[in-house]
Amino acid sequence: MKIVEMKNVTRKYVVGDHEQKALNDVSLSLEKGKMIVILGPSGAGKSTMLNLLGGLDSPTSGTIIVDGQDISTLSANELADYRASKVGFVFQSYNLIPTLTVEENVSLVKEIAPNAKPAEEMLEAVGLADHMKKFPSELSGGEQQRVSIARALAKNPEILLCDEPTGALDSETGILVLKTLLDMAKTYGKTIIVVTHNQNIAKIADTVINVKSGKIKSFENNENPLAVEEVDW
């Protein structure tokens, strides 16, 4: 089943007198419940693609269908509803609120997500049940990132969008975070889309998309993705 379809999507930006195409006539289809990695150098269009799928931006032209809904023509208010119900975000910076406990950070999504899962359940799922009453400053970087994963999943979204989720972590902690993401995807049947520079992460993906200069250079389905533990990090 298709979870994402992009049809002839272009996103233009005007900088001074110059027009730049961050994405240039991109079309693709992504399967539900898979781990998808988008690779490419800085400025390739990876983050633009993620922002469009997340409803943080709209295409200049083309159509984007997510879980059967055309999001390319939604108003600002409709996009806010879409972000609240359909997508979860995991960023390189954890974006936790320092004055709230771990549990309170995850519970925040109840205010915007109609079908939110209990914070306790999600924190237990990522192995942080014993840290619920701590504040972010009392956690390691890897633990903070796992809190952000728990928060994203607490929204009960169809898609988890991850922008360099291991970029600020050492390799050992990054492996733990990636394993958490994969386990959560299998347990809860979520689709994970990861934007990264790290070629190694592509080895554990079901689908690998290489992007350069706003275009898709290659699209490969990996029939035998490696387990996180099998990759030479």
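Every chain is numbered independently, its residues counted from 1 as its sequence is written. In view of the model being predicted, local features appear only for residues whose pLDDT reaches at least 70, and side-chain atom pairs are presented and counted only at 80 or more, with totals across whole chains, interfaces and linings using the full set of residues. Side-chain measures here rest on the full set of heavy atoms in the structure, leaving out hydrogens and waters.

(A) The overall build of the protein, seen in detail. In this description a helix means any DSSP run of H or I spanning at least four residues, a strand means any run of E spanning at least two, and both kinds are numbered starting from the N terminus. A count of helical and extended segments in the protein gives seven helices and 10 strands. Taken over C-alpha atoms, the radius of gyration is set against a globule rule of 2.2 Å times the number of residues to the power 0.38. In terms of overall size, the protein behaves like a compact globule, its C-alpha atoms giving a radius of gyration of 17 Å where 233 residues would be expected to give roughly 17 Å. In terms of overall dimensions, the protein has a C-alpha envelope of 50 × 45 × 40 Å along the principal axes. Relative accessibility thresholds used throughout: buried, under 20% of the residue-type maximum; exposed, over 50%; partly exposed, between the two (1.4 Å probe, protein chains only). Classification of the 233 residues of the protein by burial places 48% in the buried group. Contact definition: two residues touch when any of their heavy atoms are within 4.5 Å. In the protein, the proportion of contacts linking residues at least 24 apart, taken out of those at least 6 apart, comes to 70%. For the area figures, the Shrake-Rupley method with a 1.4 Å probe applies, and any residue is considered shielded solely by the protein chains shown. Split by element, the accessible area of the protein, about 10,800 Å² in all, is 46% carbon and sulfur. Across the protein, the 24 positively charged side chains and the 31 negatively charged ones have centroids separated by 5 Å. Here Asp and Glu are counted as negative and Lys and Arg as positive; His is not counted, and neither are the chain ends. Each charge is placed at NZ for Lys, CZ for Arg, CG for Asp and CD for Glu.

(B) Quick look at the sheet that holds strand S2 (residues 18-31). Paired strands, as defined in this entry, are two strands with at least two bridges between them according to DSSP. With antiparallel pairing, four strands are arranged side by side in an open sheet as S2-S1-S4-S5. Lying at the two open borders of the sheet, with one neighbouring strand each, are S2 and strand S5 (69-70). Both strand S1 (residues 2-15) and S2 contribute to a ladder of 10 bridges, which runs antiparallel. Paired with Arg 11 across the strands is Leu 23, a residue of S2. Axis geometry follows a simple rule: fit a line to the C-alpha atoms, using only the stretch in contact for helices, then measure angles between N-to-C directions, giving values from 0 to 180 degrees. Strands S1, S2 and strand S4 (61-66) of the sheet are contacted by helix H1 (residues 46-53), whose axis makes an angle of about 120° with S1.

(C) Quick peek at the sheet that holds strand S7 (residues 159-163). The sheet built from six strands is open, its strands ordered S6-S7-S8-S3-S9-S10 with mixed pairing. Edge positions in the sheet fall to strand S6 (87-91) and strand S10 (215-221), since each has one partner strand and no second. Mean inter-strand twist for the sheet, computed between neighbouring axes without regard to direction, equals 15°. By the bridge criterion, five bridges tie S6 to S7 in an arrangement that is parallel. The partner of Val 90 across the bridge, within S7, is Cys 162. In this fold helix H2 (residues 76-86) packs onto S6 and S7, with an angle of close to 80° to the strand it touches most, S6.

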